[in-house]
Amino acid sequence: MTTSLGPASPAHRLYLSQLAIYLRHSRQILAAWDHYSDRHSDPETFQPHDEDAYGRRQQKRDADTLSAFGRVYYHADELVDVAERQLAGLSPTDRTRRYAWQVRELREATQRLYAVYDDWLAVRAALPESARPGTRAYEEPLAESYAEAWSHLDQWAIHGQVIFAVNALAQRQATAAATALPTTAPAHKAAATPSRVRR
């Protein structure tokens, strides 16, 4: 799935904007879920008051989060690739080592998301013809697939900001290197030209 994506290219900027939308939406979805969970669970045991209703609301959280990830899904591995290449060009510090760990977490989450999707395609292909969208035979395995994907989507919600942090550092370093380049010919160049000897 990975292709060569150039940092700061129009495609890279588009994928970053899509990721920013996901991070914002995922925070909203999680905040809404936390609010629901607090109101519909026992504050001491954390057990839901109505397990069926709680389960349906949890399924909605999972489906909404996957839907929010939407377009990011198709380019998640490319965003991780770019971040890894950018990190390779940065000086090793405590901060960049922490960023490298977060990027590795995103790499693993992405690979697992793709595996979950492949598993769902295999399950869907094995369903009987009567199992159509909207039927219990279809919706139950789909909900299980969403539930399995959610923890990996949550890793993107937790660590996704590192993609922007690494990109900002890399751009800052590239800008600093560009401004450090000489803009005029060195002064000693003229002195290097042999002078005529007067006779």
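Residues numbered from 1 in each chain as written. Predicted model: local features only at pLDDT ≥ 70, side-chain atom pairs only at ≥ 80, totals over all residues. Heavy atoms only, no water.

Draft legend 1. Structural view of the overall build of the protein. When its secondary structure is counted, the protein shows seven helices and zero strands. Element order for the protein, N to C, with α for helix and β for strand: α-α-α-α-α-α-α. Every one of the 199 residues in the protein was classed for burial, and the buried ones make up 35%. Looking at the protein as shown, the accessible area adds up to about 13000 Å², and 54% of this sits on carbon and sulfur atoms. (Helix = DSSP H or I, 4+ residues; strand = E, 2+ residues; numbered from the N terminus. Buried < 20%, exposed > 50% of the residue type's maximum accessible area, 1.4 Å probe, protein only. Areas by Shrake-Rupley, 256 points an atom, 1.4 Å probe, with all protein chains shown as cover.)

Draft legend 2. Geometry of helix α3 (residues 76-88). The end-to-end C-alpha separation of α3 is 19 Å, in line with the 18 Å expected for 13 residues at 1.5 Å each. Looking only at α3, the buried set comprises Ala76, Asp77, Glu78, Leu79, Val80, Asp81, Val82, Ala83, Gln86 and Leu87. (Expected span 1.5 Å × (residues − 1).)

Draft legend 3. Region of interest: the packing of helix α1 (residues 10-39) against helix α5 (residues 136-159). Interhelical geometry of α1 versus α5 gives an angle of 115 degrees and a closest axis separation of 9 Å. At the point where α1 passes α5, the crossing takes the left-handed sense. Residues Leu19, Tyr22, Leu23, Ser26 and Leu30 of α1 form the contact with α5, whose own contacting residues are Trp150, Leu153, Asp154, Trp156 and Ala157. Looking at the contact of α1 with α5 residue by residue, the class counts come to eight nonpolar, one polar and one charged. (Axes fitted to C-alpha atoms, helices over the stretch in contact; angles between N-to-C directions. Left-handed = near helix turned anticlockwise from the far one by under 90°. Contact = heavy atoms within 4.5 Å. Nonpolar A, V, L, I, M, F, W, Y, C, P; charged D, E, K, R; others polar.)

Draft legend 4. Representation of the confidence of the model for the protein within the structure. Averaged over every residue, the pLDDT of the protein is 89; residues scoring 70 or more account for 88%. In this model, residues 189-199 is a region of pLDDT below 50 whose contacts with residues beyond four sequence positions or in other chains number zero contacts. (pLDDT = per-residue confidence, 0-100.)

Draft legend 5. Region of interest: the layout of surface pockets. Quantified by volume, the largest pocket comes out at close to 310 Å³. Lining the largest pocket we find 15 residues, and of these Leu66, Tyr73, Tyr117, Trp120 and Tyr146 sit closest to its centre. Going through the elements one at a time, α2 (51-73), α4 (94-126) and α5 are the ones with two or more residues in the lining of the largest pocket. For the lining of the largest pocket, the residue count by class is 12 nonpolar, two polar and one charged. (1 Å grid on protein atoms, 1.4 Å probe; cavity = no way out; pocket = protein on both sides within 12 Å on 5 of 7 lines; lining within 4 Å. Points joined across faces, edges and corners; volume = space filled by probe spheres on them.)

Draft legend 6. The nonpolar core, seen in detail. Leu19, Tyr22, Phe69, Trp156 and Ile163 are the most contacted members of the largest nonpolar core, which has 32 residues in total. Mapped onto this core, the elements with two or more residues apiece are α1, α2, α3, α4, α5 and α6 (161-180). If you tally residues by element for this core, the top one is α4, at seven residues. Once you skip the residues sitting within four places of it in the chain, phenylalanine 69 turns out to touch Tyr22, Ala76, Leu113, Leu153 and Trp156. (Core = buried A, V, L, I, M, F, W, Y, C linked by side-chain atoms within 4.5 Å.)

Draft legend 7. Highlighting the environment of aspartate 119. Tracing the backbone through its elements, the reader meets aspartate 119 in helix α4. Judged by relative accessible area, which is 44%, aspartate 119 ranks as partly exposed. As for aspartate 119 and serine 145, which are separated by 26 residues in sequence, their C-alpha atoms are 8.2 Å apart.

Draft legend 8. Representation of the pattern of salt bridges in the model. In the structure shown here, the tally under the stated rule is seven salt bridges. Between aspartate 94 and arginine 97 there is a salt bridge; the shortest N-O distance is 3.0 Å. With a gap of three residues between them, aspartate 94 and arginine 97 both fall in helix α4, about one helical turn apart. The exposure class of arginine 97 is partly exposed, given its relative accessible area of 48%. Each member of the salt-bridge network shares a partner with another, and the members are Asp81, Glu84 and Arg107. (Salt bridge = Lys/Arg side-chain N within 4 Å of Asp/Glu carboxyl O.)

Draft legend 9. Just the packing of α3 against α4, in detail. Across the interface, α3 lies against α4 with an axial gap of 10 Å and an inter-helix angle of 160 degrees. Relative to α4, α3 is oriented roughly antiparallel. Considering the relative orientation of α3 and α4, their crossing is left-handed. Only Thr96, Tyr99, Ala100, Val103, Leu106, Arg107, Thr110 and Tyr114 of α4 make contact with α3, whose side of the interface consists of Ala76, Asp77, Val80, Asp81, Ala83, Glu84 and Leu87. Residues belonging to the contact of α3 with α4 are distributed by class as follows: nine nonpolar, two polar and four charged. (Parallel < 35°, antiparallel > 145°, perpendicular 65-115°, else oblique.)

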